[in-house]
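Given next are the chains, with one letter for each unit.
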Amino acid sequence: YDPPGRIFDVVVFNDGKNWRAVVDTKCDGDLSGAKPMADYRLEHQYGTFSSLDLMNYSVNIYDNGNLVSIVVTCGSHGTHVAGIVAANFPESSENVSMNGVAPGAQIVSIKIGDTRLGSMETNTGMCRAIQAILRNKCDLVNMSYGEPTSTPNKGYFVELSAELVNNHGVIFVSSAGNAGPALSTVGAPGSTTTEIIGVGAYVSPGMMESEYAIRDVKSMKEVQYTWSSRGPTVNGHPGVCISAPGGAIAPVPQWVLQKNTLMNGTSMASPNACGGIALVLSALRTLGIKWTPHAVRRAVENTAKLVDGIECFALGYGLLQVSDCFNFLESNAKNAESAFAYSISVRGHAGLVATCSGGPTKGVYLRQAAEVIGVQDVSVSVKPSFHEDADKKIMQAFEQ
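Residues numbered from 1 in each chain as written. Predicted model: local features only at pLDDT ≥ 70, side-chain atom pairs only at ≥ 80, totals over all residues. Heavy atoms only, no water.

## Some details on the overall build of the chain
Quick reminder of the rule: The helix count covers DSSP runs of H or I at least four residues long, the strand count covers runs of E at least two residues long, and both are numbered beginning at the N terminus. Restricting the calculation to C-alpha atoms gives the radius of gyration, and the globule rule supplies 2.2 Å times the number of residues raised to the power 0.38. Only protein chains enter the calculation, and the probe is 1.4 Å; a residue is then buried if its accessible area is under 20% of its type maximum, exposed if over 50%, and partly exposed in between.
Broken down by element type, the chain carries 11 helices and 16 strands. Relative to its length of 400 residues, the chain is compact, with a C-alpha radius of gyration of 23 Å against a globular reference of 21 Å. The dimensions of the chain, computed from C-alpha atoms along their principal axes, are 80 × 60 × 55 Å. Put simply, the chain has 400 residues, and 42% of those count as buried.

Written as structure tokens, this is what we have:
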């Protein structure tokens, strides 16, 4: 028997405009000092259970007040990730040095980790997250979650992610995985899903000095973290798209009883890249320049900075360059072709990849010695993919 912990009484009522919930956190039946709270997304209210635990909570109310979800963090990981993206402290604050890559970017926090499973995500949670992304009209998604897979680019969540990017114009960034340095260790869904930008973890001499107290960094070189997952995927896709700093000292929840901590992982690299892309989108929106996920991704890939000594299956196209990415998009704003996606499939490869994937692959992956003994015929198909509401005249002109 595993006791559920404290059980709180909750009173729910409608104030004529919104449903509100009052949680009896003192467990004494006296609600006179309790705070009536609406859904967090409406008024951004939160409470604290007690001064002993410093655990903050918020509420979501469903089914006309018949169901209340009391939401808490199930770890410090998500807060750390959010801090890397958009922590925003006043200029006068002693914590201003803890600002994120895109300070003040509006964050919609979506919990996919199940506290009962030790923060493991569930497919149900991830599918609900897609709905929340659309409901809140998000422009950009970061997902610092993932695990290995033997079936890349398949599954219901992959289909929903593709719809999110292709049909709804949302840019999706995710961690590549921490299972390196062997080849084909990239995780799902970040680096095994075509529509998602998978991010690997890079470390610079400056990071080595400030984060890991390495004394003599003059002789050190920029490298990929050893544990950062490598491509390609088993279906021949490169896997890692770009890389970003994979270590950070960032804020954590107050119940941890410290302001910030050092964490490492592609979970940290992904929000770093996501914050950089948020800066690009902010500049584009300020100038009234429209974008699509495909145009942004193409700009990210074409302007990324290569690092000598780091192989492409670890680094991807390179390190995100915010200014260069923006300049690329600005100079190509009227290039209609940059807004389209391209679907690439390979047929005829008789090796291990075709057997594992069970159909067309994303590239030619010759890994076994037997695969290079003889000549093989490979058919590569490149097909433009248009938004379902795209102007048919533009599609016709493109085909010509």
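## Concerning the nonpolar core
We apply this condition: For the purposes of this section, nonpolar cores are sets of buried Ala, Val, Leu, Ile, Met, Phe, Trp, Tyr and Cys residues that join through side-chain atoms within 4.5 Å. Between two residues, a contact is recorded if the distance between any of their heavy atoms is within 4.5 Å.
By size, the foremost hydrophobic cluster in this structure holds 34 residues, and its most contacted members are Ile171, Ile242 and Ile277. Elements with a contribution of two residues or more to this core: β9 (171-175), β10 (197-203), α5 (205-212), β12 (242-245), α6 (266-286), α7 (293-303) and α9 (322-331). For this core, the leading source of residues is α6, giving eight residues. Discounting residues that sit within four places of it in the chain, isoleucine 171 has contacts with Asp139, Leu140, Val141, Ile197, Ile277, Leu281, Trp291, Pro293 and Val296. Counting residues in hydrophobic clusters, the runner-up holds 16 residues, among them Ile112, Met126, Met143 and Val170.

## Topic: the pattern of salt bridges
Cut-off, in case you're wondering: By definition, a salt bridge exists where a carboxyl oxygen of Asp or Glu is found within 4 Å of a side-chain nitrogen of Lys or Arg.
Enumeration according to the criterion identifies seven salt bridges in this entry. Here arginine 20 ties to glutamate 43 by a salt bridge, and the two come within 2.5 Å at their closest N and O atoms. Of this pair, arginine 20 sits in strand β2 (residues 19-23) while glutamate 43 sits in helix α1 (residues 40-43), and the two are 23 residues apart along the sequence. Relative accessible area serves as the criterion here: at 13%, arginine 20 is assigned to the buried category. Looking at glutamate 43, the relative accessible area reads 33%, which means it is partly exposed. A network of salt bridges, in which partner residues are shared, links Asp15, Arg20 and Glu43.

## Things to note about α9
Stated formally: Read the arc as the range of directions from the helix axis to the C-beta atoms.
Every buried residue belonging to α9 is among Cys325, Phe326 and Leu329, and all of these are buried. Angular distribution of buried residues about the axis of α9 spans 95 degrees; they occupy a single face of the element. Turned more than 90 degrees away from the buried face of α9 sit Ser323 and Ser331, all of them exposed.

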